[in-house]
Each structure stands twice: as structure tokens, then as C-alpha cells.
Amino acid sequence: MSEPTPRRAAVTGIGVIAPNGLSTDAFWKATREGISVLGRITREGCDHLPLRVAGEVRAFEPATAVEERFLVQTDRFTHFAMAAADSALEDARLGQSATDEAPFSVGVVTAAGSGGGEFGQRELQQLWGKGSRFVGPYQSIAWFYAASTGQISIRRGFKGPCSVVAADEAGGLDALAHAARAVRRGTDVIVAGSTEAPLAPYSMVCQLGYPELSTEGDPDRAYRPFTSAACGFVPAEGGAMLVVEDEDTARERGAAVRAVVAGHAATFTGASCWEASREGLARAIDGALAEAGCAPEEVDVVFADALGVPDADRAEALAIADALGRHGRRVPVTAPKTGIGRGYCAAPVLDAAAAVLAMEYGVIPPTPNIFDICHDLDLVTTRARAAELRTALVLSRGLMGSNSALVLRRGATGAP
Amino acid sequence: MSDRITVEELAELMKKAAGVTVDPAELEQRSDSGFDTFGLDSLGLLGIVGELENRHGTPMPTDAERCKTPRQFLDLVNSSLVAGA
């Protein structure tokens, strides 16, 4: 008897709710064109705060995306997650009847950084304004980091392995890796990703303590990583969910294999220790490449973490050079998040979605608002660059010290 | 305020506390069906109990939040409200 071929984790569906688009198509078009949608924060109760610029998801109508009971019972970050999960499953052509036939074969993995801050604030205002008897019981679950995983699985009837990664911004990549591992271990489908909703007064006040946060008021100047004008990062809401599926199962049902989650590694180097993140990120890249069986020269594009803090940008540029050697100075690097902001755990998932689309279309999206780079990187700026892309490396670091790298390989099928 | 709680009020509370829309006539007709079949979970029922306590200014029986069906729930809370009135 021969050894069975190891299972591979394919990406078969993408669902996006982003500041620059409420569908994967709209997100990709705006991302490819390098359109920046950063703007002054307009959400209620936020206009007096020193954090003024963000990537808001403006046209999203929760009532059209989810049923009324989820409007009452869950936070905005979960509304985003449900909408993105629906889109991803539809994109993968996995309808409700298909998943109902094998509910134990489908699981959910999400990552969350801030949880349901808006819902929590409303209930805490009830607590201090009226008393404990006026706090609704759904407060017990709606604010919680695990809410989106739980509610997606309940809503769609999934009974496979479910989990939540709480690992800082880089947790977004760890969630995709965790999903890939679950698929390799035997689950056919995992809906994986992250959405965040940190643009509500309480959540914003929490973020004001981050020294890395940009308080620049001009949207065109607020988030400019890898330049001498770097002054921190701009937060964002929204995110993406991907359908991660056993490659053979996907092929048998005729689904398009968009990409393969080939390698991942994560390290930890301490909160705001940006100089140390050089080694941490380089080691994460080494580990991800090793798991993928990928030589540094095979990396065709890098989606950078791009924090926008000079020490952190320098550490990332050096980490890419440390891990990829001479190829690190030649490989195209991009950071489309300068046009939409940094949605905490959701940011690297949106980058992974953009990486899959970039490989499919043979186009590297640019880094908006960036002109004079002060690091030894081939950063793609101003306009998209056509390129044959087989392998993408996605990087992410968290403010609390997590570093992650994810290697994606192009699927066998071409552009949809 | 110590009137009996009607199916109409229960339907309104299910919508307010848990976002579950149900026609009062259907709630009446299927009053022996489990709350779960209407889409109401245990937290939703707990929220309804809390709302009733705030409205009536009196604690509900401790078993109220454990009732499985609308009929059980209405019988229990109404007997308590009548007894307390």
C-alpha cells in the first residue's frame, strides 16, 4: 500500500467587505487602481477624538446583509463577518443545501482584535445610565472575540471544527494557517478570516493609547509607510473571509482552486519592540518558506505589513532582505492597505485576498499615497504592475509583538 | 401595571429582546412548540424576563427563564403576576 498523498488546503472562495468595496470585485478594482479611500471619520460620537482619519466601510447596510435577530444579538464586526462569509461561500459555490448535506465537514476560524466594541459600549451605557437590570443578555456574547466564529457556524448550521485565534493583528494570517491545518487533518471546508469594527467611540479611545497610531488629519498624509514622512498607521474596519478547502474535494465538485495555502510560521518579539521584529519577521518568513518547500527566489511578490512607523518599516525592509537574501532587493513589494487603512486582524486577510486575486490576474496592485521610499525595497507605487505571479508572501505584525508570514501559491486554474 | 401578559405582548418582546419576528396568532396556535422552533434561544428568553421585570417592577419566578414553550412561560408568569397583584 502506498502512502496517501497529503491533503492540500486550497482557497476556493473569497468574500470581502472593505472600505473600498462591499464585494470582492469592487475591492479588487479599487485595489488594482490604487484608489485611496482614507477619509475623516464620520461615525457617530467620534468627531471630537484626536484620531481623525480611518478607512470606514460607509455604504454597508447590516439589515440587508443579515436577519433581524442577528442585528439585535450581534455587533457590527459580526455583521461584517456574516456578510463576508456569505459572499465567500457563494463565490466557492457552496450553497446552504451543499453544506447541510455534510455539516460536520464545514468549520469556521476567525481572528479578532477588538471584538464587538460598539455593542459593548451601548450595553455599558445602559449599565451606568440605568442600572444592571437594563443590560441585555446578548452582551455576554456579542462583544466577545469568538462571536463571529460562533454566529457564522450557528447561522449556517456548520458543525465542523470551529476556533478563534487571538494573536494580535498577525492573528489574521494565523487564522488562515489554522484553517489550512484543519483541512490537512481531514475537515473538507473551513470558512476562515477576520473582520473588525474598531471605529466606535469606546474602541477608538482604546486605540488612542497606541503610540503607533497616526493622528494626522490629512487623509493623503496620514499613512505613509516606508517614507521619511511615516507618522504611524491609520485604522480601518471591515475585512475578508476565505473558503479554505481540501484541494481534491474542491476539484471533485468542480470548484476553481484559486490558490493553495502552502506555508506559514509565526514568531513573537514583544510589544512595540520594532527593532526586534526584524529577526522575528525574518524567522517567520524562513519558517513559512520551509513549510511551503519554497526557495526565496520563487517569491514573486511580497504583501508587506507596512506599519508606517520608521523603526518598524526599517525592521521590515531588513527582515525581507535577511530572509530572501539578494532576491529581497529585487522582489516587488506592495502594501495596498495604505489606501484602505489597517483593519487590525482583518488587514492581513484582505492582503491574502488581494494576493490571490493578484496571482489570478497577473497584476501587482500598487501602494497608494506613497512616493519617495527611503528603504532598499522595490515597492510598487502609483500604478499596478503586470507580472507573472506564482507565489505570494504575505507579512503581518501586531502591535503586541506577533509576527506572521504566509506563503500562497497560485491555483491551477487561471483568471475567473 | 399587573395585567396578564398576552401572546401579543410576548410576540412584541421576542422581537424587541431577540429580534425574532413571530405572528401572535401563530404563537398562540403553536404555544406548545419549543421556543427554539420560533428561533428564540435561552439568552433571548432571559432578555424577555428582564424586560418584563423592568416593566412590571416585580421579579419573575426563577423558573421563568427555563420555560421551554410559550404556553409554559405565559402560564408561569401570569400566575405569578396574578398572585402578586
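Computed from a predicted model, the values in this text were never measured in an experiment. (Residues numbered from 1 in each chain as written. Chains lettered and ligands numbered in written order. Predicted model: local features only at pLDDT ≥ 70, side-chain atom pairs only at ≥ 80, totals over all residues.)

Caption draft 1: Structural detail: the overall build of chain B. A count of helical and extended segments in chain B gives four helices and zero strands. Ordered by position from the N terminus, the helices and strands of chain B form the series α-α-α-α. Here the C-alpha radius of gyration of chain B, 12 Å, is about what a compact globule of 85 residues would show, namely 12 Å. Its C-alpha atoms give chain B principal-axis dimensions of about 30 × 20 × 20 Å. Evaluated residue by residue, chain B yields a buried proportion of 25% over its 85 residues. Within chain B, contacts between residues separated by at least 24 positions form 56% of all contacts whose residues are at least 6 apart in sequence. (Helix = DSSP H or I, 4+ residues; strand = E, 2+ residues; numbered from the N terminus. Rg over C-alpha atoms; globule rule 2.2 N^0.38 Å. Buried ≥ 20, exposed ≤ 12 C-beta atoms within 10 Å, placed from the backbone. Contact = placed C-beta atoms within 7 Å.)

Caption draft 2: Spatial organisation of the nonpolar core. In this structure, A:Leu176, A:Ala179, A:Leu242, A:Val244, A:Ala353 and A:Leu408 are the most contacted members of the largest nonpolar core, which totals 134 residues. The greatest single-element share of this core, amounting to 12 residues, is contributed by helix α15 (residues 346-361) of chain A. When residues of this core are assigned to domains, at least three map to each of domain 1 (9-252) and domain 2 (263-410) of chain A. The contact partners of A:Leu408, leaving out residues within four places of it in the chain, are A:Ala259, A:Val261, A:Ala262, A:Ala352, A:Ala355, A:Val356, A:Ala392 and A:Val394. B:Ala17, B:Phe35, B:Ile48 and B:Leu74 belong to the second largest nonpolar core, which has 17 residues in total. (Core = buried A, V, L, I, M, F, W, Y, C linked by C-beta atoms within 7 Å. Domains from an automatic or database assignment.)

Caption draft 3: Spatial organisation of the UniProt feature "domain: Ketosynthase family 3 (KS3)" (unreviewed entry) in chain A. Taking the numbering used here, the UniProt-annotated feature "domain: Ketosynthase family 3 (KS3)" (unreviewed entry) corresponds to residues 6-410 of chain A. End C-alpha to end C-alpha, residues 6-410 of chain A measures 18 Å, and it is 37% helix and 19% strand. (UniProt positions renumbered as here; feature names shortened; annotations may be inferred.)

Caption draft 4: Looking closely at the interface of chain B and chain A. Each partner contributes to the interface: chain B provides 12 residues, whereas chain A provides 11 residues. Those elements that place two or more of their residues in the side of chain B that touches chain A are α1 (7-18) and α3 (42-56) of chain B. Among the elements that line the side of chain B that touches chain A, the one with the most residues is α3(B), at six residues. Across the side of chain B that touches chain A, the residue classes break down as five nonpolar, six polar and one charged. (Nonpolar A, V, L, I, M, F, W, Y, C, P; charged D, E, K, R; others polar.)

Caption draft 5: Local environment of the UniProt feature "domain: Carrier" (unreviewed entry) in chain B. Here, UniProt's "domain: Carrier" (unreviewed entry) annotation points to residues 4-81 of chain B. Spanning residues 4-81 of chain B, this segment combines 58% helix with 0% strand, and its end C-alpha atoms are found 7 Å apart.

Caption draft 6: Quick look at the domain arrangement of chain A. Residue and element names in this part refer to chain A. In terms of domain boundaries, chain A breaks down into domain 1 (9-252) and domain 2 (263-410). Using only C-alpha atoms to locate each centre, domain 1 and domain 2 end up separated by 21 Å. Of the residues lining the interface, 58 residues belong to domain 1; the matching set on domain 2 comes to 55 residues. Among the secondary structure elements, those contributing two or more residues to the side of domain 1 that touches domain 2 are β1 (9-17), α1 (24-33), α9 (171-185), β6 (189-196) and β7 (238-246).

Caption draft 7: Inspection of the sheet that holds β6(A) at higher detail. Residue and element names in this part refer to chain A. The strand order β5-β4-β6-β7-β1-β8-β15-β14-β9-β10-β12 describes an open sheet built from 11 strands, whose pairing is mixed. Two strands lie at the open edges of the sheet, namely β5 (162-165) and β12 (378-379), each paired on one side alone. Note: β1 against strand β8 (residues 259-268), two bridges, orientation antiparallel. Bridge pairing in β8 links Ala10 to Val260. Strands in contact with α15 are β1, β6, β7, β8, β9 (301-303), β14 (391-397) and β15 (402-410); relative to β7, the strand with the most contacts, it is inclined by about 60 degrees. (Pairing = 2+ DSSP bridges. Axes fitted to C-alpha atoms, helices over the stretch in contact; angles between N-to-C directions.)

Caption draft 8: Region of the structure containing the pairing of β8(A). Residues and elements named next belong to chain A. By the criterion of burial, β8 is predominantly enclosed, with nine of the 10 residues buried. As judged from the nine bridges shared by β8 and β15, these two strands associate in the antiparallel manner. Bridged to Gly263 within β15 is Val407.

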